Amino acid sequence: MRSLPLPLALTARLSPVAVLACMGWALSSGPLAPAKDTGARDAGGPQVQSSSAPSSSTAAPKTYAAAPPPCGSVAVKTVSALVPGAKTAGKEIPSTDADLRRTCSWNALKEYDYRWLDVSFEIMGSDDAAAGSYRDRTAEKSGGGAVPGLGDEAYSVVNLTTEDKQQTREGVVIVRAANALVVITYNGSDFESKKAPSTDEINKGAIKAAKDAVAALRSGAGAAAGRSTPPAADS
């Protein structure tokens, strides 16, 4: 094929470019260009946004805003039965944020029997956050089982440890109630026989303390909401 003369070849190569340039002008400045908004923007006025759509950042209200006093969360008769000889007032453990986390402890040695009870409340930002923490903690303490009818969900596990031939049996109950976690730790040893209390005794004791604590949590929320009577404890 014979080569085109240089000016004609150059013209053929530049023609598409010229066409595209003309199309761009027609779309941006020519008769095909969309009409410009010459209102508030050109006048330098403020831009007004529509407020008809609801805000998606509104946080859901929390059922529990603060932890209740932990040392008053377990009935005196429960403390006396689970920790014989202990001062029923208990001892609150210092916390870096008492609104979000509070713990009370009771312990006593009566003759050769030793018992220890901890009750802890943790308040989280949402039900989902509490549910996630609940799943993590129950996964760490395998071998237990669900406790029906306690809070929104509850889990109990009992383990036996032996050190220097001395047995200690410890029960842990973890309860989620809305955005709050209630954690009970209850353990015991017999320093005369070197044996530990039975699994049934420790498990039932921990669950009993958990029921008292959950009832106290709900009662505190009811008082904050102005209810005249606290809700009944889980049976």
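Please refer to the structure higher up on the page.
Residues numbered from 1 in each chain as written. Predicted model: local features only at pLDDT ≥ 70, side-chain atom pairs only at ≥ 80, totals over all residues. Heavy atoms only, no water.

**Side note on the side chain of R115**
In step 1: Note on placement: R115 falls in strand β3 (residues 113-123).
In step 2: A distance of 3.3 Å separates polar atoms of two side chains, one belonging to R115 and the other to E201.
In step 3: Apart from residues no more than four positions distant in its own chain, R115 is found in contact with L82, V83, P84, W106, N107, A108, Y186, N187, G188, S189, P197 and E201. (Helix = DSSP H or I, 4+ residues; strand = E, 2+ residues; numbered from the N terminus. Polar contact = N/O pair within 3.5 Å; in protein donor to acceptor, adjacent residues only side chain to side chain. Contact = heavy atoms within 4.5 Å.)

**Examining the state of the cysteines**
In step 1: Within the structure shown, the criterion is met by one disulfide.
In step 2: What pairs with C71 in a disulfide is C104, and their sulfur atoms sit 2.0 Å apart. Note on the C71 and C104 pair: the S-S dihedral is about 100 degrees, so by sign convention the disulfide is right-handed. In this pair, C71 sits in the loop between α2 (40-43) and α3 (76-82) while C104 sits in strand β2 (residues 101-110), placing the two residues 33 residues apart along the sequence. Taken individually, C71 and C104 each receive the classification buried, so the pair is uniform in this respect. (Disulfide = S-S within 2.5 Å. Buried < 20%, exposed > 50% of the residue type's maximum accessible area, 1.4 Å probe, protein only.)

**Focus on the pairing of β3**
In step 1: As paired elements, β2 and β3 share 10 bridges and run antiparallel to each other. Its bridge partner lying in β3, K110 is registered against D113.
In step 2: Hairpin connection of β2 to β3: two residues between the antiparallel strands, including E111 at a positive phi of 55 degrees.
In step 3: The pairing of β3 with strand β7 (residues 180-190) spans 11 bridges and is classified as antiparallel. If you follow V119 over to β7, its bridge partner there is I184. (Pairing = 2+ DSSP bridges.)

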